[in-house]
Each structure stands twice: as C-alpha cells, then as structure tokens.
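# Observations on chain architecture
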Amino acid sequence: MKTKNFKDISLSRLGMGNMRLPVENDKDGAPIDYDRAESIIDYAIDNGITYFDTAYVYHSGESEKFLGKALMKHPRDSFFVATKFLIFASKDYKAVFEEQLERLQTDHIDFYLIHGINDSIYQEYIDLGCIEYFEEQKRAGRIKYLGFSSHASPDKLKIFAEYRDWDFAQIQLNYYDWVYGSAKKEYEILKELNIPIMVMEPVRGGRLATLSEGAQKILKDAHPDWSVASWALRWVKNLSQVQVVLSGMSNMEQIVDNVSTFSDDVEFTKADEEVLMKALEVFKSEITVPCTSCRYCCDDCPSKIEIPKFLNFYNRYKSDGNWVLGQINDIESEGRPADCIACGACATQCPQGINIPEVMQELNRLTAK
C-alpha cells in the first residue's frame, strides 16, 4: 500500500469509507452485515489501509458503532479514525462528541470534521460555537487533526476554508466533476491555501465504475488489465494536493481491486489522462443525472420514494433506450414517480443539485400507460 506523509505521520493513500457497508440480504436500509463488513475491515488493515472514515449519521448511526467494534481487535496505533459532526442531526455538539468517542470505543479521534458544509449552512456552523469547542478538544488531545467536508460552492468553500487554519478538508473530487462540475475550482482554492485534501466520491458513488459501452471500450483498449473504477482512482491520486482517496467499499471484490490499484508503481501518464478524457466525453453524451446514491434525498420524501433507484433507472433509460422502461415495476419502492408531489424537499438535500421532481415527472410521463 502506497503511503504519503501528513504532518508528522504517514497515511495510506487509500482510505476506507464506511457509508456503504454491506447490509443484511443486500436490502437498502437493512442493518449492517457485521460478518461481511468485518471481513472487509480486516482485509483493509492486513493490506496497509490506515485511514477509516465514518460519520455520526452513516447507516442510521450504526456505522460508528460497527467501526468501533471492528477495529477493537487491531492495535490502536495501527489505524486512524475520521468522523464528523453534522448540525442537521443534532446541535448539541458536546453530547455528540462524547457519544462518538463511546461508539468508536476510543479516547481520541484522529481526524474530526465539520460535516457537509453547503451554501445554506456554513454560517450556522460558524455561529454555533462548535468549531471553537472542537479546537479545545484538539488542544486537550482528544482530537488530533481538525477539518471539514464540503458540498459548498467554490465561493462559500473559500470563506469557510479561510475561517481558521484547518488541518485538512474533504471534498467530492473525480474526473467527471473536474470537467463538468466545480471540483477543479474547489481543488485550486484548497491548494492555494495549502490545505491537504481527503477525497470523497472519487468514483462518484460507483457511477464511474461502470461507464457506457463506448466509453468502457476506449479505456479497455488502452489498459485491458485496469478496471474501469481504477481509472478514476488513478486519476485522482495523481493530483499533488490529494492526501487520502476514500472509497466506500461494500464487497471484497471492490477492496481487492482498489488495494491493487494503490499498491502498484504504475504511473498515470499524460497519455492516460487524454484517453480518460476521451472516454468521459463519450460517457457524458449518454448520461444526464449524476446521482451518487448518497440517499440524502430519501429521509424527507413524503411519498416514500426510493429516489436513487429511480434516478439510476433513468440513467439506464438514457443510455440503453426505451426497452428498459418496462422494467420500472421491478424497482422496490413504497412510492413511485407518479406519487411525487414536487415539494422539492429532495432537491434541497441533493449534493449534486439534481432537479429530482423534474426527473420523477419525466419518468412518470415515460412509463404511464
């Protein structure tokens, strides 16, 4: 496993995300499958992964508890834990922090983040007083490094990044958002401020692991032995300001492939990047909804629609054609696109800025018979 120095320590270039752990019977919303999930954690530790990222709300609050249990069998100095404070979950930051220490079964948290700043909430974090409290915990040794994660626009990201001397920041960074989103600008802001970057969504929630047929052919012709997902990981780890690349690995196949990608000495060349950009152009022509299946849109949906399932289905329709429309009834969901009341609650929570009601209306129109 390749490593990179961070201040006075060394971190694995690949980090283990714990938002998409395997669940029982592979059913959305089901409890974590502890046996399968622990096997992934053990493989990660055994193969040099030292950075484990979770959050107070992942897996409905169970991710931290699972990770605390799974890591107990390993020496505390063999790994680093990252977790986050989310103002939407609770404003009682002192109680949350104590609960997190208990869940994680530790007396300190290595990397602590203000969770998910965006344009509407960043100032509330500043006004709440939580940042100063976490700085106190850092001085007391209960937090080693203090940072934040962001889904904010570049302008608001810059304001928050300049609020204090942050030890690190976490942003969504991948080649799709670099070209078609604001990732490049966000990266440049953090690089100018010399803030190390922890990368989330390097494969866009798995969306860049399976491209369109034409795009995949371009990549496979160039490197038959590279998985499609590894192209995304190789591209992002090549950026100089990137410290750790997080991947939410939910099965052994994914972690084995990713460990291999972060363990070899193969250089990602300028020619490789040109190939990747050519494939991206082909892919972009066939995809319209950049859903990462984060599920932030689901909790407040009054119609109980499994929104990510229908957005991913919509992408299939856009790339594969009308023949897939007959399969929409196979999607397990209490609510259907026809039940969407266009309240907009989902869209306000979407980090990707997707106009979800508009997609639901189009799906309803396409499939209504």
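This text goes with the structure placed above it.
Residues numbered from 1 in each chain as written. Predicted model: local features only at pLDDT ≥ 70, side-chain atom pairs only at ≥ 80, totals over all residues. Heavy atoms only, no water.

### Section: the sheet that holds strand β8 (residues 168-172)
Ordered by their spatial adjacency, eight strands build a closed barrel running β3-β4-β5-β6-β7-β8-β9-β10, and the pairing between neighbours is parallel. Averaged over neighbouring strand pairs, the angle between their axes works out to 30° when direction is ignored. The pairing of strand β3 (residues 14-17) with strand β10 (residues 242-247) spans three bridges and is classified as parallel. Counterpart to Met-16 in the pairing with β10 is Ser-247. On top of the sheet, helix α8 (residues 183-192) reaches β7 (143-150), β8, β9 (197-200) and β10; it is set at about 175° to β8, its chief contact. (Pairing = 2+ DSSP bridges. Helix = DSSP H or I, 4+ residues; strand = E, 2+ residues; numbered from the N terminus. Axes fitted to C-alpha atoms, helices over the stretch in contact; angles between N-to-C directions. Contact = heavy atoms within 4.5 Å.)

### Overview of the environment of Pro-357
Within the secondary structure, Pro-357 is located in helix α15 (residues 356-367). Residue class for Pro-357 comes out buried when judged on its relative accessible area of 9%. Setting aside its immediate chain neighbours within four residues, Pro-357 contacts Cys-340, Ala-342, Gly-344, Cys-346 and Ala-347. (Buried < 20%, exposed > 50% of the residue type's maximum accessible area, 1.4 Å probe, protein only.)

### Topic: the pairing of β8
Burial within β8 is extensive, with five of its five residues counted as buried. Of the two faces of β8, the one holding Phe-168, Gln-170 and Gln-172 and the one holding Ala-169 and Ile-171 are both buried throughout. A crossover links β7 with its parallel partner β8, the connecting element being helix α6 (residues 154-161), and its sense is right-handed. As defined by bridge partners, β8 adjoins β9 across four bridges and the pair is classed as parallel. By the bridge assignment for β9, Gln-172 is matched with Met-200. (Right-handed = clockwise from strand over helix to strand, strands pointing away.)

### Side note on the nonpolar core
Counting residues in each nonpolar core, the largest one holds 85 residues, and the members touching the most others are Phe-52, Ile-114, Tyr-125, Phe-134, Phe-148, Phe-160 and Leu-173. Sort the elements by how many residues they give to this core and helix α10 (residues 228-237) lands first, with seven residues. Excluding residues within four positions of it along the chain, Phe-160 makes contact with Ile-114, Ile-117, Tyr-122, Tyr-125, Ile-126, Ile-131, Phe-148 and Trp-166. (Core = buried A, V, L, I, M, F, W, Y, C linked by side-chain atoms within 4.5 Å.)

### Things to note about the environment of Gln-327
Relative to the assigned elements, Gln-327 resides in the loop between α13 (307-320) and α14 (345-349). Spatially, the C-alpha atom of Gln-327 lies 15 Å from that of Ala-338, the residues being 11 residues apart in sequence. If we skip the residues at most four places from it in the chain, Gln-327 touches Phe-313 and Arg-316.

### Side note on unusual backbone geometry
Although it is not a glycine, Lys-7 adopts a positive phi angle of roughly 50°. Turning to its location among the elements, Lys-7 is positioned in the loop between β1 (3-6) and β2 (9-12). For Ser-293, which is not glycine, the phi dihedral falls at a positive 60°. With respect to the helices and strands, Ser-293 occurs in the loop between α12 (270-284) and α13.

### A closer look at the pattern of salt bridges
Where charged atoms from two side chains of opposite charge approach closely, those side chains can pair. If you walk through the whole model with that rule in mind, you get 26 salt bridges. With a shortest N-O distance of 3.1 Å, Glu-38 and Lys-73 are connected by a salt bridge. Of this pair, Glu-38 sits in helix α1 (residues 34-46) while Lys-73 sits in the loop between α2 (62-71) and β5 (80-85), and the two are 35 residues apart along the sequence. In this structure Lys-73 comes out as partly exposed when scored by relative accessible area, which is 47%. Of the charged contacts in the structure, one is a salt bridge between Glu-124 and Lys-91, with a shortest N-O distance of 2.8 Å. (Salt bridge = Lys/Arg side-chain N within 4 Å of Asp/Glu carboxyl O.)

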